[in-house]
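# Fold and geometry: a report
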Amino acid sequence: MPRKEGQKLKLLTLLEILSRETDEQHPLSVPHLVELLRERGVDAERKSVYDDIQTINSMPGAPFEIVQQRGRGGGYYMTDSPFEFAELKLLVDAVYASKFITARKSRTLIDKLGKFTSRYRQAELDRTVLVSGRVKSQDEKILYSVDALHTAITTGVQVQFKYCDWDLQKQMVPRHNGQLYKVSPWALVWENGNYYLIAYTEGHLRHYRVDKMQKVEPLPEVPREGAGEYADFDVNSYTQQMFGMFNGPLKKVTLKCENRFAGAMIDRFGTGPTLVPCTGGEHFTLTVNVQISPQFFGWVAGFGKGVEILTPPEVRAEMRKTLDTLQTIYR
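Presented here is an overview of the structure given in this document. The shown structure was predicted, so the numbers you read here are calculated from the model rather than taken from an experiment.

Another aspect to go through is the pairing of strand S9 (residues 250-258). Where S9 lies against strand S11 (residues 283-291), nine bridges are found, and the strand directions are antiparallel. For Thr254, the partnering residue across the bridge sits in S11 and is Thr287. Relative to strand S12 (residues 307-311), S9 runs antiparallel, the two sharing four bridges. The residue of S12 that forms the bridge with Lys256 is Glu308.

The four strands lie next to each other as S10-S11-S9-S12, forming an open sheet whose pairing is antiparallel. Where the open sheet ends on each side, the last strands, each with one partner, are strand S10 (276-277) and S12. Judged from the two bridges that link them, S10 and S11 form a sheet pairing that is antiparallel. Its bridge partner lying in S11, Val276 is registered against Thr285. Its contacts with the sheet put helix H10 (residues 262-269) on S9, S11 and S12, and the angle it makes with S11 is roughly 20°.

A few words on the pattern of salt bridges. In a structure, side chains of opposite charge can pair up when their charged atoms sit close to one another. Applying the stated rule across the entire model yields 14 salt bridges. Between Arg206 and Glu202 there is a salt bridge, with its nearest N and O atoms 4.0 Å apart. One salt-bridge network, held together by shared partners, links Glu16, Glu21, Arg40 and Arg119.

What follows covers unusual backbone geometry. In this model, Thr311 is joined to Pro312 through a cis peptide bond whose omega is 0°. As for its position among the elements, Pro312 is in the loop between S12 and helix H12 (313-329). We note that His176 has phi near 50°; this positive angle belongs to a residue other than glycine. Mapping His176 onto the fold places it in the loop between strand S4 (172-174) and strand S5 (180-191). Under the relative-accessibility criterion, His176 is labelled exposed at 52%. For Asn177, which is not glycine, the phi torsion reads 55° and is therefore positive. For Asn177, the position within the fold is in the loop between S4 and S5.

What follows concerns the environment of Pro313. By the element assignment, Pro313 lies in helix H12. Overall, Pro313 belongs to the exposed group, its relative accessible area being 59%.

Quick look at helix H3 (residues 46-57) now. If you check H3, its first and last C-alpha atoms are 17 Å apart, about what twelve residues at 1.5 Å a residue would give, namely 16 Å. For H3, the set of buried residues is Ser48, Val49, Asp52, Ile53 and Ile56. Axial view of H3: buried residues confined to an arc of 145°, hence all on one face. Projecting away from the buried face of H3 at angles above 90 degrees are the exposed residues Lys47 and Gln54.

A few words on the nonpolar core. Residues Leu149, Phe161, Leu188, Leu197, Tyr208, Val210 and Met213 are the most contacted members of the largest nonpolar core, which totals 30 residues. Among the secondary structure elements, those contributing two or more residues to this core are helix H4 (85-97), helix H5 (103-114), helix H7 (142-155), strand S3 (157-166), S5, strand S6 (194-201) and strand S8 (213-223). Top contributing element to this core by residue count: H7, with six residues. Membership of the second largest hydrophobic core comes to 21 residues, among which are Cys257, Phe261, Phe284 and Phe297.

Calculation rules
Residues numbered from 1 in each chain as written. Predicted model: local features only at pLDDT ≥ 70, side-chain atom pairs only at ≥ 80, totals over all residues. Heavy atoms only, no water. Pairing = 2+ DSSP bridges. Helix = DSSP H or I, 4+ residues; strand = E, 2+ residues; numbered from the N terminus. Contact = heavy atoms within 4.5 Å. Axes fitted to C-alpha atoms, helices over the stretch in contact; angles between N-to-C directions. Salt bridge = Lys/Arg side-chain N within 4 Å of Asp/Glu carboxyl O. Buried < 20%, exposed > 50% of the residue type's maximum accessible area, 1.4 Å probe, protein only. Expected span 1.5 Å × (residues − 1). Arc of directions from axis to C-beta. Core = buried A, V, L, I, M, F, W, Y, C linked by side-chain atoms within 4.5 Å.

In structure tokens, the structure reads:
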């Protein structure tokens, strides 16, 4: 092997050893690094390893650093690269929490994420207790659907797919006898652990749950539509208006809430709406845009007497009707 190529191999191998075999708690001495290099078929002298470490640290834009820990049991270790360990934990938790990623694919992705830190810290990323009993998708094809949708969004073309529902046999059955939906995709939104496609169709922007989409195919010859509508579209407002991503008529609703539910309202609607204290100091009101649906009424009912719909009258009346119906069922 030419000397230049051998030097490149030595640097790459040393970088792999430092990234996987070291961290703050597990530094390696230069003699130990030489030994590990030889185990991997790379001959090296101690002096050359010192030079290689200096070369690695001088790499422009490198997101890591090789740090020397002095004293007894000291040596060299690599700082987090390219992620801080806390960032890796955050990504792992996101994978665990995702409903649309299958359990098998979750394990595969987390194993790949673990390669970005030392093997000692990788063991800390094994947090499978978090998914005990959690609903996870059984279909790994959703990853290919997401990829196809990203491709269509990037290239500005329409997509077609079959849209499905679960039946009593726990099978996905296409709606409308398998009719193909053709829409103009604009964005993918993560809400409540699910992926949703925001797309333009029939003069409106609508959303579709990606795990219910089958046979997703970009249509390279069909340009995307709805640019004007999407330019005025606010994704955050859209998701805040809906409950469980269920559509309904959009209404401006005023809620009267006990003060202890201020955090719940901010979690739901963000910091935009004004919380107006009521006379007496025990309640506040806020006015928000909401798409009225049974899921919205169920959300309000979950607060018991702590949240009340004040206006508009028709929404208040519909809430009362919903509660009366529930009382009749469970009487």
